[in-house]
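# Secondary and tertiary structure notes
The residues making up each chain are set out below.
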Amino acid sequence: MTQRPYIVGNWKMNGMRAMLGEARAIDRAAERLIKAEVALAPPFTMIHAIRREAQLIGVGAQNCQPEDGLEHTGEISPAMVKDAGAGFVILGHCERRAHHHETDAMIKAKAEAALAVGLGVIVCVGETGEQRKAGQAEQAIAARLKGSLPGGDNAAEKLTVAYEPIWAVGSGRTPTPDEIGAVHRMIRSQLMETYGEGAAAVRILYGGSVNVENAAELLSADEVGGVLVGGASRSAESFLGIIAAAAERGS
Ligand code: PGA
C-alpha cells in the first residue's frame, strides 16, 4: 500500500475548550510528521473550534442523523456536521451500536446520507469476545459489514473501514497482528466484492486499545492502513507517539 497511514483520534464524549491546546499541539506535530495522515473526531461542540485552530489535520464527527422528513430534537444532520467544518464522520462505533441501539441498516443509511453531502465516512465493525472465543469472529464481522456498507457507485472513494473488536475497545487487550491481518484480508475481499476495483484504495484501520507501546506492532499487521485511537488520542503527548510510529512506517 502506498497511502500514508491514517491515524484518527476518537475523543468520544470528551473535550472542553480547555482541550483546544491538545488539538493545536497535534496539528503542529502533523506538520513535522507528514508521512502520516492525522485526524481528530471531537464531540460536535468542538468541531468548529478545532477546524479554525488546526491547519493540517482532518476534523470529523462521531455520528450524524440522516434527514428523513421528520423533526429530530437533539440530533445533527450530515449537512450540519459539514457546515461546522467536519470532513468526515465515524459511523457504527460499537458504543453507539450497544448504547444507542444502532443497527446495520441505520448505519448504512447514515453512511449514504453523509456521502451524499460530500463527507468521508469511517464505518466501524467488530466482534464480541464471545464470538471470537467461539471461532465466529470473521463471520460476525462479515455480516455486520454487509449490512452497514453504503451503496452507490462512488461510495468506495470516500470510505474507510475500521475493524474494532468490541472486547478490545477500552480494555487494554488487543488481537495479535496475525489475527488482525486475517480479519483485514477478509474485509478487503468483501470490499472488492461489493465495490470492485475501486475498493483497492479503501483504508482499513485497526482500533481498540491502541497506545504508544503497541502502535508500531499493530500498524505492521497485514492490510492495516492506520489506526482509530480512543483513550490515547486525548493527550497530544500519547497521540503524538502513535503518529510518530505511523510516520516511521510510512517512510
Ligand atoms: P480505545 O478506543 O483506543 O480507548 O480502546 C478505541 C475506539 O473506541 O475507537
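Bear in mind the structure is a predicted one, so any value in this text is a computation, not a measurement.

To continue, consider the sheet that holds strand β2 (residues 37–41). Read around the closed barrel, eight strands run β1-β2-β3-β4-β5-β6-β7-β8, paired in parallel fashion. Taken over all neighbouring pairs, the strand axes of this sheet differ in orientation by 25° on average, direction set aside. As defined by bridge partners, strand β3 (residues 58–61) adjoins strand β4 (residues 88–91) across two bridges and the pair is classed as parallel. By the bridge assignment, Gly60 is partnered in β4 with Phe88. Running over the sheet, helix α10 (residues 236–250) touches β1 (6–10), β2 and β8 (226–229) and is turned about 165° from β1.

This part covers helix α1 (residues 20–32). Taking 1.5 Å of rise per residue, the 13 residues of α1 would be expected to cover 18 Å, and the 19 Å separating its terminal C-alpha atoms lies within 8% of that figure. Within α1 the residues assigned to the buried category are Leu20, Ala23, Ala25, Ile26, Asp27, Ala29 and Ala30. Looking at the buried positions of α1, the neighbouring elements they touch are β2, α2 (44–53) and α10.

This paragraph deals with the site of the ligand. Taken together, 13 residues form the shell around the ligand, and within it Lys12, His93, Glu164, Gly170 and Ser209 come nearest. In the model, an oxygen atom of the ligand is placed 2.7 Å from a nitrogen or oxygen of the Lys12 side chain. Computed on the free molecule, the ligand has an accessible area of 280 Å², of which 94% lies beneath the protein chains in the complex. Looking at the shell around the ligand residue by residue, the class counts come to four nonpolar, seven polar and two charged.

Here is what the cut-offs are and how they apply
Residues numbered from 1 in each chain as written. Predicted model: local features only at pLDDT ≥ 70, side-chain atom pairs only at ≥ 80, totals over all residues. Heavy atoms only, no water. Pairing = 2+ DSSP bridges. Helix = DSSP H or I, 4+ residues; strand = E, 2+ residues; numbered from the N terminus. Axes fitted to C-alpha atoms, helices over the stretch in contact; angles between N-to-C directions. Contact = heavy atoms within 4.5 Å. Expected span 1.5 Å × (residues − 1). Buried < 20%, exposed > 50% of the residue type's maximum accessible area, 1.4 Å probe, protein only. Near = heavy atom within 4 Å. Polar contact = N/O pair within 3.5 Å; in protein donor to acceptor, adjacent residues only side chain to side chain. Areas by Shrake-Rupley, 256 points an atom, 1.4 Å probe, with all protein chains shown as cover. Nonpolar A, V, L, I, M, F, W, Y, C, P; charged D, E, K, R; others polar.

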